[in-house]
Amino acid sequence: ISFEIYPICTNVEEYMNILRFTVTEKDCTTQGDRSPSVWFYPNTLNLHVVYGRDGDGHDNFNYGFEKVTTALTKFQWSKIDLVVQNQSAKDDMVLLVFINGQF
């Protein structure tokens, strides 16, 4: 999945949903509820990414906290690429997130 985004504000006190794919009618915590979903973390341009997998319907990670360069920039286009990849012989699928080509 690839998309471009142009954020214009950071003053939202709750998680701001950017996109969400689902195969269920529920909001979260079961497999398929968020496969994947991308949110802005409250009051920031950091990304909160959820990819529900077998055994953990709310498997998530945040981008922009450890490395400042991974947060998006206000009034600037950013390209987001979400890539599902097999990481082991056990068919354990993981979601890789690229922001402007950077992992």
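Each value, and the rule that gives it
- Residues numbered from 1 in each chain as written.
- Predicted model: local features only at pLDDT ≥ 70, side-chain atom pairs only at ≥ 80, totals over all residues.
- Heavy atoms only, no water.
- pLDDT = per-residue confidence, 0-100.
- Helix = DSSP H or I, 4+ residues; strand = E, 2+ residues; numbered from the N terminus.
- Patch = residues over 30% accessible without salt bridge, like charges linked within 9 Å, V, L, I, M, F, W, Y side chains within 5 Å.
- Areas by Shrake-Rupley, 256 points an atom, 1.4 Å probe, with all protein chains shown as cover.
- Salt bridge = Lys/Arg side-chain N within 4 Å of Asp/Glu carboxyl O.
- Buried < 20%, exposed > 50% of the residue type's maximum accessible area, 1.4 Å probe, protein only.

(A) Local environment of the confidence of the model for the protein. For the protein, mean pLDDT is 75; residues scoring 70 or higher make up 62% of the total. No element of the protein has a lower mean pLDDT than strand 5 (residues 60–63), at 53, and none a higher one than strand 1 (residues 2–5), at 96.

(B) Focus on a nonpolar patch on the surface. A cluster of nonpolar side chains, contributed by Tyr6, Ile8, Phe75 and Trp77, occupies part of the molecular surface with about 470 Å² of accessible area. By the element assignment, Trp77 lies in the loop between strand 5 and strand 6 (78–86). Look at Trp77 and you get exposed, because its relative accessible area is 52%.

(C) Just the pattern of salt bridges, in detail. The final tally for this structure, using the stated rule, is one salt bridge. One salt bridge in this structure joins Lys79 and Asp81, with 3.6 Å as the shortest N-O distance.

(D) Layout of the environment of Phe103. Structurally, Phe103 can be placed in the segment after strand 7 (93–99). Accessibility expressed as a relative area gives 55% for Phe103, which makes it exposed. Each C-alpha atom, one on Phe103 and one on Asp81, is 9.4 Å from the other, the two residues being 22 residues apart in sequence.

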